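# Report on the structure
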Amino acid sequence: MNALVKNTFLDSDEIPGLIENRGYTMAAGDIGDVSFLMPTIQIGYGGWNGTIHGVDFELVDPIFVLDLFPKFVFNCILKISNNLDKIEAYRRTKQEYLEELNKMGEVK
């Protein structure tokens, strides 16, 4: 799925830059948990200034955030959905997830 999203980016000249594998981020959220259960992609984007969740957080590029980026995401979803047969999708159950969590808490 990552390759399809990257190709969608490369097919468009509206988004000025791509940063790949920028490393560790404190804003990872729960995507790691979700990615255990099903294939996921996490996309970050700009257009904001200030501290995330802070009183100084503000929208500075409304055209990008409210128009260009949603179009990009739509095109990514379209490209992924049109290529589902090529994506090696996996599914894990909630029980498998809970078993993995329990393994993390075991005393060795």
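Residues numbered from 1 in each chain as written. Predicted model: local features only at pLDDT ≥ 70, side-chain atom pairs only at ≥ 80, totals over all residues. Heavy atoms only, no water.

### Re the overall build of the protein
In terms of regular secondary structure, the protein is built from four helices and two strands. Its C-alpha atoms give the protein a radius of gyration of 17 Å, more than 25% over the compact-globule value 13 Å for 108 residues. Taken along its principal axes, the extent of the C-alpha atoms in the protein is 50 × 40 × 20 Å. The buried share of the protein, taken over its 108 residues, is 15%. Total accessible area computed for the protein in this model is approximately 8700 Å², and 56% of it derives from carbon and sulfur atoms. Once the 10 positive and 16 negative side-chain charges of the protein are each reduced to a mean point, those two points are 7 Å apart. (Helix = DSSP H or I, 4+ residues; strand = E, 2+ residues; numbered from the N terminus. Rg over C-alpha atoms; globule rule 2.2 N^0.38 Å. Buried < 20%, exposed > 50% of the residue type's maximum accessible area, 1.4 Å probe, protein only. Areas by Shrake-Rupley, 256 points an atom, 1.4 Å probe, with all protein chains shown as cover. Lys, Arg positive; Asp, Glu negative; His and termini not counted. Charge placed at Lys NZ, Arg CZ, Asp CG, Glu CD.)

### A short note on the side chain of Thr 8
Within the secondary structure layout, Thr 8 lies in helix α1 (residues 2-10). Since its relative accessible area comes to 7%, Thr 8 is described here as buried.

### Some thoughts on a nonpolar patch on the surface
Taken together, the side chains of Tyr 45, Trp 48, Ile 52, Phe 57, Leu 59 and Leu 66 present a nonpolar region at the surface, about 570 Å² in accessible area. Summarising the element assignment, Ile 52 is placed in the loop between β1 (48-49) and β2 (58-59). (Patch = residues over 30% accessible without salt bridge, like charges linked within 9 Å, V, L, I, M, F, W, Y side chains within 5 Å. Salt bridge = Lys/Arg side-chain N within 4 Å of Asp/Glu carboxyl O.)

### A short note on unusual backbone geometry
Non-glycine residue His 53 carries a positive phi angle of around 70°. Take His 53: it is sitting in the loop between β1 and β2. Residue class for His 53 comes out exposed when judged on its relative accessible area of 80%.

### Thoughts on the confidence of the model for the protein
Looking at the protein as a whole, the pLDDT averages 84, with 91% of positions reaching at least 70. Within the protein, the element-level pLDDT minimum falls on helix α2 (residues 31-37), averaging 80, and the maximum on β2, averaging 96. (pLDDT = per-residue confidence, 0-100.)

### Brief notes about the side chain of Asn 83
Take Asn 83: it is sitting in the loop between α3 (62-81) and α4 (94-105). Take Asn 83: its relative accessible area is 15%, and that puts it in the buried class. From its side chain, Asn 83 meets the backbone oxygen of Lys 79 in a polar contact 2.6 Å long. (Polar contact = N/O pair within 3.5 Å; in protein donor to acceptor, adjacent residues only side chain to side chain.)

### Overview of the packing of aromatic side chains
Inspection of every chain in the model, using the stated rule, returns five aromatic pairs. Ring geometry for Tyr 45 versus Phe 69: centroids 4.0 Å apart, planes at 25°, classification stacked. Remark: Phe 69 occurs in helix α3 and Tyr 45 occurs in the loop between α2 and β1; sequence separation between them is 24 residues. Judged by relative accessible area, Tyr 45 falls into the partly exposed class, the value being 39%. When its relative accessible area of 9% is taken as the criterion, Phe 69 is described as buried. Aromatic rings pair up to connect Tyr 45, Phe 64, Phe 69 and Phe 72 into one cluster. (Phe/Tyr/Trp six-rings, centres within 6.5 Å; stacked < 30°, edge-to-face > 60°.)

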